[in-house]
Amino acid sequence: MIPYVRSIAASGFAVLAIDQAGHGASTGELDFDALRDDGLKSISYLSTRANVDNTSVAILGWSLGAHSLWRIASRLTPDSGLKACIVIGAGLVYVSNFS
């Protein structure tokens, strides 16, 4: 995912890239609710940044992160600024773990 993140940032977009707990290079235990909650906290954090247009937010996830996006997007209110949810490579294997 890093090459994509770098390319998006180089195009002038503000980017926050995270390795969620228990996945990728991060430590900790994989927890599907924590994945959702971390994503929601990340969007909330970005809305406090002066260099981020919080009226036009896009979220992008790959594989497991893509599944988190569906849960994150479903919990955002219309005033969150979410304009796009980009899901790449979301496999069905995770579906039973989401409510």
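Residues numbered from 1 in each chain as written. Predicted model: local features only at pLDDT ≥ 70, side-chain atom pairs only at ≥ 80, totals over all residues. Heavy atoms only, no water.

J.: Would you mind showing me how to read the nonpolar core here?
T.: In a soluble, globular protein the nonpolar side chains are often hidden away together inside. Ranked by size, the top nonpolar core spans 5 residues in total: Ile 43, Val 57, Ile 59, Leu 69 and Ile 72. Counting residues per element, the ones that place at least two in this core are β1 (57-62) and α3 (64-75). (Core = buried A, V, L, I, M, F, W, Y, C linked by side-chain atoms within 4.5 Å. Buried < 20%, exposed > 50% of the residue type's maximum accessible area, 1.4 Å probe, protein only. Helix = DSSP H or I, 4+ residues; strand = E, 2+ residues; numbered from the N terminus.)

J.: Honestly, the confidence of the model for the chain in this entry has me stumped. Any pointers?
T.: Do not read the predicted coordinates in detail wherever pLDDT is low. Per-residue confidence for the chain gives a mean pLDDT of 81; residues scoring 70 or more make up 90%. Predicted confidence in the chain is weakest over helix α1 (residues 2-10), with a mean pLDDT of 84, and strongest over helix α2 (residues 32-46), with 88. (pLDDT = per-residue confidence, 0-100.)

J.: Explain the side chain of Arg 36 here, please?
T.: Of note, Arg 36 is situated in helix α2. Polar side-chain contacts of Arg 36 include one of 3.0 Å to the side chain of Asp 37. With near-sequence residues (within four places) excluded, Arg 36 lies in contact with Arg 71, Ile 72 and Arg 75. (Polar contact = N/O pair within 3.5 Å; in protein donor to acceptor, adjacent residues only side chain to side chain. Contact = heavy atoms within 4.5 Å.)

J.: Would you explain the pattern of salt bridges in this entry?
T.: When the charged atoms of two side chains lie near each other, side chains of opposite charge can form a pair. Counted by the stated rule, this structure contains 3 salt bridges. Residues Arg 36 and Asp 33 are paired through a salt bridge, measuring 3.3 Å at the closest nitrogen-oxygen approach. Within this pair, Arg 36 and its partner Asp 33 are both found in helix α2, separated by 3 residues, close to a single helical turn. Judged by its relative accessible area of 9%, Arg 36 falls in the buried class. For Asp 33, a relative accessible area of 37% gives the class partly exposed. Ionic pairing is found between Asp 37 and Arg 36, a salt bridge with its closest N-O pair at 3.0 Å. On the basis of relative accessible area, Asp 37 is assigned to the partly exposed category, the value being 30%. Look at the salt bridges and you will find they share partners, linking Asp 33, Arg 36, Asp 37 and Arg 71 into a network. (Salt bridge = Lys/Arg side-chain N within 4 Å of Asp/Glu carboxyl O.)

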